[in-house]
Amino acid sequence: MGVVSGMFLGTFEPKLDAKGRFILPSRFRDDLQAGLVMTRGKEHCVDVFSASEFESMRQKLVARSSESSKITRGSYRVFFSGANPQIPDKQGRVVVPQNLRHYAMLDKELAVIGAGDRVEIWDLARWNAYLDEYEASFADEESDIVPGLF
């Protein structure tokens, strides 16, 4: 995956076609070619994990949580019910399922961003609005957001 393997970085603006497909940015393909899982993300985006990262997260969730907790059961349901495993085609295309397109309010123009351990898919206009709002509050923050980092 380019310079940093296993880490997703950068912002790309692919188009969603009439069948709900888009071409994965070439920088992300190596880490996702063997399989990926799309699911609901926070702030109404679509999270994309490599299949191996998703399985690792699943194992950690099961090991660290109790299904006797109502909030845990609800979180599992939201996270896993939206999950869609797939393998990109030879051109690097993937399909964003209708339920996830609806959830993330995706139109034709997308922002596909690297978010460290995952990729996020946003409607481009919504991403730009989010970024404008967040950048302003980030710049105005006087304390360290991540202590010792920035």
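Residues numbered from 1 in each chain as written. Predicted model: local features only at pLDDT ≥ 70, side-chain atom pairs only at ≥ 80, totals over all residues. Heavy atoms only, no water.

Asker: Explain the side chain of glutamate 120 to me, using residue names and the numbers behind them.
Answerer: Within the fold, glutamate 120 resides in strand E8 (residues 119-123). Not counting chain neighbours up to four residues away, the residues in contact with glutamate 120 comprise Cys45, Val46, Asp47, Ala111, Val112, Ile113 and Ala115. (Helix = DSSP H or I, 4+ residues; strand = E, 2+ residues; numbered from the N terminus. Contact = heavy atoms within 4.5 Å.)

Asker: Go over the packing of aromatic side chains with me, naming the residues and quoting the values.
Answerer: Each aromatic ring pair is specified by the distance between its two centres and by the angle formed by the two planes. Inspection of the entire model under this criterion finds twelve aromatic pairs. Centroid distance phenylalanine 54 to phenylalanine 80: 5.9 Å. Interplanar angle 90°. Geometry classified as edge-to-face. Here phenylalanine 80 lies in helix H3 (residues 70-81) and phenylalanine 54 lies in helix H2 (residues 51-64), a separation of 26 residues in the sequence. Assessed through its relative accessible area of 10%, phenylalanine 54 is described here as buried. Ring pairs connect the aromatic residues Phe49, Phe54, Tyr76, Phe79 and Phe80, which therefore count as one cluster. (Phe/Tyr/Trp six-rings, centres within 6.5 Å; stacked < 30°, edge-to-face > 60°. Buried < 20%, exposed > 50% of the residue type's maximum accessible area, 1.4 Å probe, protein only.)

Asker: Mind laying out the sheet that holds strand E5 (residues 84-86), listing which residues take part and the relevant values?
Answerer: Backbone-to-backbone hydrogen bonds join strands into a sheet, with any given pair of strands oriented parallel or antiparallel. The six strands lie next to each other as E1-E7-E8-E4-E3-E5, forming an open sheet whose pairing is antiparallel. Only two strands of the sheet have a single partner each, and these edge strands are strand E1 (11-12) and E5. Relative to strand E7 (residues 110-114), E1 runs antiparallel, the two being bridged by two bridges. Paired with threonine 11 across the two strands is isoleucine 113, which belongs to E7. Across the face of the sheet, H2 comes into contact with strand E3 (36-40) and strand E4 (46-50) while running at roughly 100° to E4. (Pairing = 2+ DSSP bridges. Axes fitted to C-alpha atoms, helices over the stretch in contact; angles between N-to-C directions.)

Asker: Let's hear about H3: which residues, and what values?
Answerer: With twelve residues, H3 should reach 16 Å at 1.5 Å per residue; the first-to-last C-alpha distance of 16 Å fits that figure. The secondary structure elements touched by the buried residues of H3 are E3, E4 and H2. (Expected span 1.5 Å × (residues − 1).)

Asker: Can you explain the pairing of E7? Please cite residues and give values.
Answerer: Most of E7 is tucked away: four of the five residues are buried. Where E7 meets E8, five bridges bridge the pair, whose relative direction is antiparallel. Considered in E8, the bridge of isoleucine 113 is made with glutamate 120. The turn joining E7 and E8, which pair antiparallel and follow one another in sequence, is formed by four residues; a positive phi near 80° is taken by glycine 116.

Asker: Would you mind going over the pattern of salt bridges in detail, with residue names and values included?
Answerer: Taken as a whole and assessed by the stated rule, the structure comprises seven salt bridges. With a shortest N-O distance of 2.8 Å, arginine 21 and aspartate 17 are connected by a salt bridge. Two residues, glutamate 55 and arginine 58, come together in a salt bridge whose shortest N-O distance is 2.7 Å. With glutamate 55 and arginine 58 both in helix H2 and three residues apart, this pair spans about one turn of that helix. Relative accessible area serves as the criterion here: at 33%, arginine 58 is assigned to the partly exposed category. (Salt bridge = Lys/Arg side-chain N within 4 Å of Asp/Glu carboxyl O.)

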